[in-house]
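# Coordinates in review
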Amino acid sequence: SEAPFGRLAIMFPYKDGELLGKLLEAMDAINHRTLSSTMPGSLVSHQLSPEEVEAAESGELDIVSGWHVIDPACRTIVLEGLADSIAEIADAVPRDAINDDSYRLLADPTVRFTQRVYTQFNVDLKKIRLREPLPLLAESPDIYNPVKVATGAFTALDRLVQLRRSPSLRQ
């Protein structure tokens, strides 16, 4: 396929350790299945070799990577990998309710991507911890002042707010 990669975004309450555990377990199962024969240690410490990075970016190496933003109220996780692996993770995550302000799963097997963007984070999630809840940060006038907040940081926060409000992966 010309667009072999899929992505999944999930937002859920900070205290929902059960959901976090199931998500990480599904991700780790895929990465361990793919890398166990070449990996000397644990997934957390594994650094992809240049050959593995190239194979992952061409779609030949089935790994899942991504990031995890943690604030005092909510967790936001975005994963990417081969579309079948992302579907496997989506199936492993319990879905008890429709998307709302406290829980949102954005996954669509028909939305595909031609390139990976998170391979540099290896096979452990890149963790980013916010000191304040994202909605509170987004309301702060200081983040709109380029003298106080770098443009890149503002853009990242703004996109994270948009992601948390998005009704689907297509938007």
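Data block above holds the structure.
### Focus on the overall build of the protein chain
Broken down by element type, the protein chain carries 5 helices and 5 strands. The C-alpha radius of gyration computed for the protein chain amounts to 17 Å, which stays within 12% of the reference 16 Å derived for 171 residues, consistent with globular compactness. Counting only C-alpha atoms, the protein chain reaches 50 × 40 × 35 Å along its principal axes. Considering the protein chain as a whole, with its 171 residues, one finds that 43% of them fall into the buried category. Residue pairs at least 24 apart in sequence account for 77% of intrachain contacts in the protein chain once pairs closer than 6 positions are excluded. About 9800 Å² of surface is accessible on the protein chain, with carbon and sulfur atoms providing 53% of the total.

### Side note on the packing of helix α1 (residues 17-35) against helix α3 (residues 83-92)
Running from N to C, α1 and α3 point in directions that differ by 150 degrees, and their axes come no closer than 8 Å. By the angle between their axes, α1 is roughly antiparallel relative to α3. α1 and α3 meet at a crossing whose hand is right-handed. Contact with α1, carried on its side by K22, L23, A26, M27, I30 and R33, involves S85, E88, I89 and A92 of α3 and no other residues of that element.

### What about the sheet that holds strand β4 (residues 104-107)?
Strand order in the open sheet formed by 5 strands is β4-β1-β3-β2-β5, with mixed pairing between adjacent strands. Two strands lie at the open edges of the sheet, namely β4 and β5 (126-129), each paired on one side alone. Looking at each pair of strands side by side, their axes are set apart by 10 degrees on average, direction ignored. Sheet analysis places strand β1 (residues 5-13) next to β4, joined by 4 bridges and oriented antiparallel. From the neighbouring strand, A9 faces β4, where its bridge partner is L106. Along the sheet face, α3 touches β1, β3 (74-82) and β4 and points at about 145 degrees away from the line of β3. Seen against the sheet, helix α5 (residues 151-165) touches β1, β2 (65-70), β3 and β4 and runs at an angle of roughly 85 degrees to β3.

### Things to note about unusual backbone geometry
With phi around 65 degrees, N122 is a residue other than glycine that occupies positive phi space. Overall, the relative accessible area of 11% leaves N122 in the buried class.

### Some remarks on the packing of aromatic side chains
For the structure on display, the rule yields 3 aromatic pairs. The interplanar angle of 85 degrees and the centroid separation of 6.4 Å between the aromatic rings of W67 and Y118 together place this pair among those described as edge-to-face. Highlighted residues: W67 in strand β2 and Y118 in the loop between β4 and β5, separated in sequence by 51 residues. Seen in terms of ring centroids, Y118 and F121 are 6.0 Å apart; in terms of plane orientation they differ by 10 degrees. Their pairing is stacked. On the basis of relative accessible area, F121 is assigned to the partly exposed category, the value being 22%. The rings of W67, Y118 and F121 are connected pair by pair, giving a single aromatic cluster.

### Quick look at the environment of I143
The topology assignment puts I143 in the loop between α4 (134-139) and α5. Taking relative accessible area as the criterion, I143 reaches 10% and is therefore assigned buried. Not counting residues up to four positions away in its chain, the partners in contact with I143 are L137, A138, V149, F154 and L157.

Rules of the game
- Residues numbered from 1 in each chain as written.
- Predicted model: local features only at pLDDT ≥ 70, side-chain atom pairs only at ≥ 80, totals over all residues.
- Heavy atoms only, no water.
- Helix = DSSP H or I, 4+ residues; strand = E, 2+ residues; numbered from the N terminus.
- Rg over C-alpha atoms; globule rule 2.2 N^0.38 Å.
- Buried < 20%, exposed > 50% of the residue type's maximum accessible area, 1.4 Å probe, protein only.
- Contact = heavy atoms within 4.5 Å.
- Areas by Shrake-Rupley, 256 points an atom, 1.4 Å probe, with all protein chains shown as cover.
- Axes fitted to C-alpha atoms, helices over the stretch in contact; angles between N-to-C directions.
- Parallel < 35°, antiparallel > 145°, perpendicular 65-115°, else oblique.
- Left-handed = near helix turned anticlockwise from the far one by under 90°.
- Pairing = 2+ DSSP bridges.
- Phe/Tyr/Trp six-rings, centres within 6.5 Å; stacked < 30°, edge-to-face > 60°.

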